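In case you want the letters, here they are:
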Amino acid sequence: MFATRAIPAGQRLIEYTGERITWQEAERRYPDDPVPYHTFLFEVGDGSMCIDATRRGGAAKWLNHSCDGNCEAIEDDDERMYIHSSRAIRSGEELTYDYNITLDTRHTPAEKKKMPCLCGVKNCRGTILAKKR
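My aim in this report is to walk through the structure given alongside it, one point at a time. (Residues numbered from 1 in each chain as written. Predicted model: local features only at pLDDT ≥ 70, side-chain atom pairs only at ≥ 80, totals over all residues. Heavy atoms only, no water.)

1. Description of the overall build of the protein
For the protein, the helix and strand inventory stands at two helices and eight strands. In sequence order, the secondary structure elements of the protein are arranged as β-β-α-β-β-β-β-β-β-α. For the protein, the spread of C-alpha atoms along the three principal axes comes to 40 × 35 × 25 Å. When contacts within the protein are restricted to residue pairs at least 6 apart in sequence, those whose partners lie at least 24 apart make up 69%. When the accessible area of the protein is evaluated, it comes to approximately 8400 Å², of which 48% is carbon and sulfur surface. (Helix = DSSP H or I, 4+ residues; strand = E, 2+ residues; numbered from the N terminus. Contact = heavy atoms within 4.5 Å. Areas by Shrake-Rupley, 256 points an atom, 1.4 Å probe, with all protein chains shown as cover.)

What follows is the structure, given as structure tokens:
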């Protein structure tokens, strides 16, 4: 997705929509994705539920990952997920955000390889997985 006009920082752009399901249901639906890893699942609330944008999802599911994105995902008090601009965005610039996927297990080199990043920014982590703290 690309900006059709200049967008100031802090602007709410679009809601991330889809079917709300438990992670248990998500695991049943998508037991293992092939390389490269691809998902339209977005965790919300206390972490027991997610939004599955493959079902009734809107255009927000098409925003790509970047290790240095110009947008961020912000959850509101009603557990609705919105994409906001995190800095000023020029017209014609691709809209991206850092997926920051976190696994319950260790982020091994094999897991990182299953979930590659191809954003090409200077400080690319090489994976869509979040930095482990």
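2. Examining the pairing of strand β7 (residues 81-85)
Where burial is concerned, most of β7 is hidden: five out of the five residues are buried. Side chains M81, I83 and S85 project from β7 onto one buried face, and the interleaved Y82 and H84 project onto a second face that is buried too. The pairing of strand β1 (residues 12-16) with β7 spans four bridges and is antiparallel. Among the inter-strand pairings, R12 is bridged to a residue of β7, identified as H84. Examined bridge by bridge, strand β6 (residues 71-75) and β7 share five bridges and lie antiparallel to one another. Looking at the pairing, E72 lines up with H84 of β7. Following β6, the chain reverses through five residues before pairing antiparallel with β7; E79 in that reversal takes a positive phi of roughly 60 degrees. (Buried < 20%, exposed > 50% of the residue type's maximum accessible area, 1.4 Å probe, protein only. Pairing = 2+ DSSP bridges.)

3. So, a negative patch on the surface
Judged by side-chain charge, E43, D46, E75, D77, D78, E79 and D104 come together as a negatively charged surface patch. Along the chain, the position of E43 falls in strand β3 (residues 41-44). (Patch = residues over 30% accessible without salt bridge, like charges linked within 9 Å, V, L, I, M, F, W, Y side chains within 5 Å. Salt bridge = Lys/Arg side-chain N within 4 Å of Asp/Glu carboxyl O. Lys, Arg positive; Asp, Glu negative; His and termini not counted. Charge placed at Lys NZ, Arg CZ, Asp CG, Glu CD.)

4. Focus: the sheet that holds β3
Taken together, the three strands give an open sheet; going across it, the order is β2-β4-β3, and neighbouring strands pair in antiparallel fashion. Of all the strands in the sheet, the pair left with one neighbour each is β2 (19-22) and β3. The sheet shows a mean angle of 35 degrees between the axes of neighbouring strands, taken without regard to direction. (Axes fitted to C-alpha atoms, helices over the stretch in contact; angles between N-to-C directions.)

5. Looking at the nonpolar core
Taken as a class, soluble globular proteins show a tendency for nonpolar side chains to be buried jointly. In terms of nonpolar packing, the biggest core is built from 16 residues, with Y16, L95 and Y97 touching the most fellow members. For this core, the secondary-structure elements that each account for two or more residues are β3 and β7. Apart from the residues lying within four places of it in its own chain, the contact partners of Y16 are F40, L41, F42, I51, A53, A60, K61, M81 and Y97. (Core = buried A, V, L, I, M, F, W, Y, C linked by side-chain atoms within 4.5 Å.)

6. Thoughts on the pattern of salt bridges
Working definition: two side chains of opposite charge can pair if their charged atoms are close together. In the structure shown here, the tally under the stated rule is nine salt bridges. Ionic pairing is found between R80 and E15, a salt bridge with its closest N-O pair at 2.7 Å. Taken together, the residues span a long stretch of sequence, with R80 in the loop between β6 and β7 and E15 in strand β1 at a distance of 65 residues. Its relative accessible area of 34% is what places R80 among the partly exposed residues. E25 is paired through a salt bridge with R28; the nearest N and O atoms lie 2.6 Å apart. Remark: R28 and E25 occur in helix α1 (residues 23-29); sequence separation between them is three residues, near one turn of the helix. Residue classification places R28 among the exposed positions, given a relative accessible area of 57%.

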